[in-house]
Amino acid sequence: MTTLPSGFARARRWLRDHPLAFDATLAFCVLIAMICGSFADPGKGHGPTFGTRTPEAFSVLLMVLAASALVLRRRHSMAVLAVTGGLTATEYIFMDPPAPVVMSTVIALYTVASRTDRPTTWRVGLLTMGILTVAAMVFGSTPWYSQENLGVFAWTGMASAAGDAVRSRRAFVDAIRERAERAERTREEEARRRVAEERLRIARDLHDVVAHHIALVNVQAGVAAHVMDKRPDQAKEALAHVRDASRSALNELRVTVGLLRQSGDPEAPTEPAPGLAVLDELVDTFRNAGLPVEVAGADRAPRLPAAVDLAAYRVIQEALTNVRKHAGAGAKAEVSVVRVGTTAEITVLDNGRGSAAGRPGAESAPDGGGHDGGGHGLLGMRERVTALGGALTAGPRYGGGFRVHAILPIEARTGEPEPPGPAVTTGERR
């Protein structure tokens, strides 16, 4: 069963969606009120009396015309005010006692005040109040100070004030709504920006993990295939290294991909991110793959901030992976981590020469490596370092080999990452 409040709510929504129908209904109600008021005689006693007065046909015509004009009060508010005001002044001039045609002018003046600015409301309101009040005082048979004449002044003034108040409230509500919508858009843009940054960070982690471990697996698998027939013990050792590298890759991939889980997922990973604390284990994987690595001046105490520690680890990992892939046979690498004041400097050197397609200066491949690599290694390192407010340089060494040097601030900045510039010159190893 439909309740009365819900019925009123539906009717209100319908009238709001059909403003012309609402104005027609309002005009009809005003017409009924004016006709009922025209039967009242103000009298000279203790108030008006009904039944002692009948409106003239001319007054009825003016009331009908004034009420009909209110139907268009939203579309032509100024014109409707002029029409109703003129009909009201005509009633005051030619009829005595006048019919309450002024009711239509009050509605029209309220509409103008609620749909225009305050200066316009003041000018139009004072002009309407003055004209109608003077017409009622001058042409009426009652004294100029009678309550009927003062009522004209009061009702037109209240219409202007009420319309201005409604306009101010609408502007205030619209401003609040606009600020709320702007704040919502800002939150959405901030969320999208954070998502993009997180996706970039995860992509860098995946690149570092896959490039490092797959390169080691590839090398050890090649060794195992080469010595399988002649030296099976060495082949088993190489396969063991393949197993360890693949297990480590799976674990790191599980941690990285696990970041995409919901925060409340009980299966979300809790392992700490890799850092310089496990640098020896990282270096051992390359030594097992046949790359001699010397760690010189590894300053790892006290522990670096988490973001800086992870960036340093990834820079070393990617640089050694590039040495193993491109430096060629017989290459050696040297790693150093040194704290200088408020910065940490990471340096990876190698003395390799590699093939013509894989050394700096080669132009046979877009990534400078002579293979179908994506060429994102040094770019990813630079993005990591610049995101923390540091600097990275990479290029060939004088006399042969390659050098990667990163300077990381101890206190990583939290601003947005700088747009990555070119990390290497044309033909440099990636």
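Structural notes, computed from the coordinates. Each chain has its residues counted from 1, following the order in which its sequence is written. Only residues with pLDDT of 70 or above have their local features reported here, since the model is predicted, and side-chain atom pairs are shown and tallied only from 80 upward, although totals for entire chains, interfaces and linings are computed over all residues. Only hydrogens and water are removed before side-chain values are computed, so all heavy atoms of the structure are retained for them.

Describing the overall build of the protein chain
And step 1. Of regular secondary structure, the protein chain possesses eleven helices and seven strands.
And step 2. The buried share among the 430 residues of the protein chain stands at 37%.
And step 3. The contact criterion used is simple: two residues touch if any of their non-hydrogen atoms lie within 4.5 Å. Sequence-distant contacts, at least 24 apart, represent 68% of the contacts inside the protein chain between residues at least 6 apart.
And step 4. Just so you have it, the protein chain exposes about 24300 Å², and 61% of that area is on carbon and sulfur atoms. Secondary structure elements follow DSSP: runs of H or I of four or more residues count as helices, runs of E of two or more count as strands, with numbering from the N terminus. Per-residue accessibility, obtained with a 1.4 Å probe over protein chains only, is compared with the maximum for each type, and a residue is labelled buried under 20%, exposed over 50%, and partly exposed between these values. With residues, only the protein chains shown are counted as cover, and all accessible areas are computed by Shrake-Rupley using a 1.4 Å probe.

Observations concerning helix α2 (residues 19-38)
And step 1. The end-to-end C-alpha separation of α2 is 28 Å, in line with the 28 Å expected for 20 residues at 1.5 Å each.
And step 2. Every buried residue belonging to α2 is among D23, A27, V30, L31, M34 and S38, and all of these are buried. One side of α2 holds all its buried residues, which, seen down the axis, span an arc of 105°.
And step 3. Contacts made by the buried residues of α2 are with β1 (40-41), α3 (57-69) and α5 (102-115). Expected span of a helix, by definition, is 1.5 Å for each gap between consecutive residues, and there is one gap fewer than residues. Along the arc lie the directions from the helix axis toward the C-beta atoms.

A word on the side chain of D23
And step 1. Counting through the fold element by element, D23 comes out in helix α2.
And step 2. For D23, a relative accessible area of 2% corresponds to the buried category.
And step 3. Each residue touching D23, except ones within four places of it in the same chain, is listed here: L70, V71, R73 and R74.

Description of a nonpolar patch on the surface
And step 1. A surface patch of nonpolar side chains, amounting to about 760 Å² of accessible area, comprises F58, L61, L65, I93, F94, V134, V138 and F139.
And step 2. Secondary structure elements with two or more residues in the nonpolar patch: α3, α4 (77-94) and α6 (118-139).
And step 3. The topology assignment puts F94 in helix α4. A residue counts toward a patch only above 30% relative accessible area and without a salt bridge, and it is joined to like-charged neighbours within 9 Å or, for Val, Leu, Ile, Met, Phe, Trp and Tyr, to nonpolar neighbours within 5 Å. Salt bridge, as used here, is a side-chain nitrogen of Lys or Arg placed within 4 Å of a carboxyl oxygen of Asp or Glu.

Quick notes on α6
And step 1. Taking 1.5 Å of rise per residue, 22 residues should cover 32 Å, and α6 covers 31 Å from first to last C-alpha, within 8% of that figure.
And step 2. For α6, the full list of buried residues reads T120, T121, V124, G125, T128, M129, L132, T133, A135 and A136. Buried residues in α6, looked at end-on, bunch into an arc of 155°, giving them a common side. When the buried face of α6 is taken as reference, the exposed residues oriented beyond 90 degrees from it are W122, R123, L126, L127, V134 and V138.

Quick word on the packing of helix α10 (residues 306-326) against helix α11 (residues 377-387)
And step 1. Helix axes are fitted only over the stretch in contact, all axes being lines through C-alpha atoms; the angle between N-to-C directions runs from 0 to 180 degrees. Taken N-terminus to C-terminus, the directions of α10 and α11 make an angle of 165°; their axes are 10 Å apart at the nearest point. Our classification of the angle between α10 and α11 gives roughly antiparallel. The handedness of the crossing between α10 and α11 is left-handed. Seen from α10, the contacting residues are L310, R314, V315, E318, A319 and N322; seen from α11, they are G377, L378, M381, R384 and V385.
And step 2. Following the grouping adopted for this structure description, the nonpolar residues are Ala, Val, Leu, Ile, Met, Phe, Trp, Tyr, Cys and Pro, the charged ones are Asp, Glu, Lys and Arg, and the polar ones are all others, Gly among them. Residue composition of the contact of α10 with α11, grouped by class: six nonpolar, two polar and three charged. Orientation categories follow fixed angle ranges, with anything under 35 degrees roughly parallel, anything over 145 roughly antiparallel, 65 to 115 roughly perpendicular, and all other angles oblique. Here a crossing is called left-handed whenever its near helix is offset anticlockwise from the far helix by less than a right angle, and right-handed whenever the offset is clockwise.

Examining the pattern of salt bridges
And step 1. Taken as a whole and assessed by the stated rule, the structure comprises ten salt bridges.
And step 2. Residue D23 pairs with R74 through a salt bridge whose shortest N-O separation is 3.0 Å. A residue pair is termed long-range when its members are at least 10 positions apart, and D23 in helix α2 and R74 in the loop between α3 and α4 qualify at 51 residues.
And step 3. In this structure, D164 and R167 form a salt bridge, with 2.7 Å as the shortest nitrogen-oxygen distance. With D164 and R167 both in helix α7 (residues 147-227) and three residues apart, the pair spans about one turn of that helix. Both residues of the pair, D164 and R167, belong to the buried class.

Details of the packing of α2 against α3
The relative placement of two packed helices is expressed as an angle between their axes plus a distance between the axes.
And step 1. For the pair α2 and α3, the least separation of the axes is 8 Å and the interaxial angle reads 155°. Comparing the axis directions of α2 and α3 gives the class roughly antiparallel. The element α2 and its partner α3 pack so that their crossing is right-handed. Counted together, A27, L31, M34, I35 and S38 of α2 and M63, V64 and A67 of α3 form the full contact between these two elements.
And step 2. Here the contact of α2 with α3 is built from residues that sort into seven nonpolar, one polar and no charged.

Brief notes about the pairing of strand β4 (residues 333-340)
Successive residues of a regular strand alternate their side chains across the two faces of the sheet.
And step 1. Two strands form a pair only when DSSP identifies at least two bridges running between them. With eight bridges connecting them, β4 and strand β5 (residues 343-350) associate as antiparallel partners. Across the sheet, the residue bridging to V340 is T343, located in β5.
And step 2. Remark: two residues form the turn of the hairpin made by β4 and β5, two consecutive strands paired antiparallel; G341 in that turn has positive phi of roughly 65°.

Looking at the environment of L392
And step 1. Along the chain, L392 falls in strand β6 (residues 391-396).
And step 2. Looking at L392, the relative accessible area reads 5%, which means it is buried.
And step 3. Apart from the residues within four sequence positions on either side, L392 is in contact with M381, R382, V385, V404, H405 and A406.

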